[in-house]
Amino acid sequence: MAKNNPGDILTCDWNPVIGCQRFSAACRKCWYLDGIFPWQQRLGNIPAQVRPNEAWVFEKRMKVEALKPKRGVIGICQHGDLFWDGIQDEVIDRVLGIVEETAAVRRNPAKYVLWTKRARRMAEILTRRWPRGIPDYLAAAVSVEDQASADERLPHLVSVRGGTRIAVAEPLLGQVSLAAFVDRVDWVIVGSETGGEDAVTLDPAWARVLRDQAQSAGKPFFIKQLGKRHDDGLRELDGRTWNERPAGFEK
């Protein structure tokens, strides 16, 4: 489980909506499409008629009562991408509304992480809903895998005002510089491609570049994993593990 995995930034997740399609080179070994979806469908948790690249709303989960018991750092719609163009704006607004209502009524503080590769759509929707800035309990996270994706997606991430902005270099498929963005993000996270021996080997030098940029900018730096399996425990860089988190994101 996420809360027991030291390489996972999340405590738990909430998935009232599922669905996604491969978007870029980073999706070659998609853990959701290739792993979570078929597993959950075999268990009967996803109806047999639903396809992996189809958006599906679980109405029983789409309520405050389903989200409120969750604690800590909560991933919102981790089983897919909430900002995939196959998910309608109205559905996204419902999800964000439930997060907003839950944050208003709960006693214990929590962080809600919105994680995407569709950075432009996320920025547009969040800015439309919260033109003065997203609430403190929200984090906008954008995944990049190479310099081209960083240069394309991160300008949209840093355009989001308020909350917490997270640059996630995972799966890291080559050297990336965040020099143009690191001053305007709040957390830098690195992770390797996982899923077998044919996964791309992460060169430690790639991680060092990002670590050094984060440290120079005074931003917390976190390594999820450096090996070809997410559960192999390989997280050490230059003699230490990197578990730095912004305030409020402790598990």
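In this text the structure is predicted, and so the values were computed from the model without any measurement.

(A) Just the pairing of strand β5 (residues 110-116), in detail. For β5, the buried fraction is high: seven of the seven residues fall into the buried class. Residues Ala110, Tyr112, Leu114 and Thr116 of β5 are buried on one face, and the alternating residues Lys111, Val113 and Trp115, pointing to the opposite face, are buried as well. With five bridges joining them, strand β4 (residues 72-76) and β5 adopt parallel strand pairing. Bridging across to β5, Gly72 finds its partner in Ala110. You can see the chain leave β4, run along helix α3 (residues 89-105) and come back into β5, and the turn it takes is right-handed. Where β5 meets strand β6 (residues 134-144), five bridges bridge the pair, whose relative direction is parallel. In the strand pairing of β6, Tyr112 is matched with Leu138. The parallel pair β5 and β6 is bridged by helix α4 (residues 119-129), and the resulting crossover is right-handed.

(B) Summary view of helix α6 (residues 204-217). Here α6 is 14 residues long and its end C-alpha atoms lie 20 Å apart, about the 20 Å a rise of 1.5 Å per residue gives. Residues of α6 that are buried in the fold lie against β7 (162-169), β8 (187-191), β9 (221-225) and β10 (236-237). Looking one or two residues past α6, Gly218 carries a phi angle of roughly 75°, positive in sign.

(C) Broad picture of the environment of Gly19. Structurally, the position occupied by Gly19 is in the loop between β2 (17-18) and α1 (31-42). Distance from Gly19 to Gly227, taken between C-alpha atoms, is 27 Å for residues 208 residues apart in sequence. The residues touching Gly19, leaving out its near neighbours within four places in the chain, are Tyr32, Pro52, Glu54, Ala55, His79, Gly80, Asp81, Trp84 and Ile87.

(D) View of the pairing of β4. Where burial is concerned, most of β4 is hidden: four out of the five residues are buried. Pairing between strand β1 (residues 12-14) and β4: three bridges, direction parallel. Bridging from a neighbouring strand, Trp14 pairs with Ile76 of β4.

(E) Summary view of helix α5 (residues 147-159). Taking 1.5 Å per residue, 13 residues should reach 18 Å; α5 reaches 18 Å between its end C-alpha atoms and fits that length. Of all bends in α5, the biggest is about 35°, found at Arg153, and the proline Pro155 comes one to four residues later. Those residues of α5 that are buried lie in contact with α4, β6 and β7.

(F) Summary view of the pattern of salt bridges. Taken as a whole, this structure holds 17 salt bridges when the rule is applied. A salt bridge links Asp198 to Arg28; its shortest N-O distance comes to 3.7 Å. You can see Asp198 sitting in the loop between β8 and α6 and its partner Arg28 sitting in the loop between β2 and α1, a full 170 residues away along the chain. For Asp212, the salt bridge identified is with Arg211, shortest N-O distance 3.0 Å. Taking relative accessible area as the criterion, Asp212 reaches 37% and is therefore assigned partly exposed.

(G) Structural context of the sheet that holds β1. Spatially, seven strands are ordered β1-β4-β5-β6-β7-β8-β9 in an open sheet, and the strand pairing comes out parallel. Where the open sheet ends on each side, the last strands, each with one partner, are β1 and β9. For this sheet, the mean inter-axis angle between neighbouring strands, taken without regard to orientation, is 30°. Taken together, the four bridges between β7 and β8 define a ladder with parallel strand orientation. Across the sheet, residue Ile166 finds its bridge partner in β8, namely Trp187. In the packing of α5 onto the sheet, the strands contacted are β6 and β7, and the crossing angle to β6 comes to about 175°.

(H) Quick peek at the packing of α4 against α5. Look at α4 against α5: their axes get within 8 Å of each other, and the N-to-C directions meet at 15°. With respect to α5, the axis of α4 lies roughly parallel. Relative to α5, α4 is oriented so that their crossing is left-handed. Along its contact with α4, which presents Ala119, Arg120, Met122 and Ala123, the element α5 presents Arg153, His156, Leu157 and Ser159.

What counts, and at which threshold
Residues numbered from 1 in each chain as written. Predicted model: local features only at pLDDT ≥ 70, side-chain atom pairs only at ≥ 80, totals over all residues. Heavy atoms only, no water. Buried < 20%, exposed > 50% of the residue type's maximum accessible area, 1.4 Å probe, protein only. Helix = DSSP H or I, 4+ residues; strand = E, 2+ residues; numbered from the N terminus. Pairing = 2+ DSSP bridges. Right-handed = clockwise from strand over helix to strand, strands pointing away. Expected span 1.5 Å × (residues − 1). Contact = heavy atoms within 4.5 Å. Bend = angle between axes of the 7 residues up to and from the residue. Salt bridge = Lys/Arg side-chain N within 4 Å of Asp/Glu carboxyl O. Axes fitted to C-alpha atoms, helices over the stretch in contact; angles between N-to-C directions. Parallel < 35°, antiparallel > 145°, perpendicular 65-115°, else oblique. Left-handed = near helix turned anticlockwise from the far one by under 90°.

Purely geometric stuff here, so don't read any function into it on its own.
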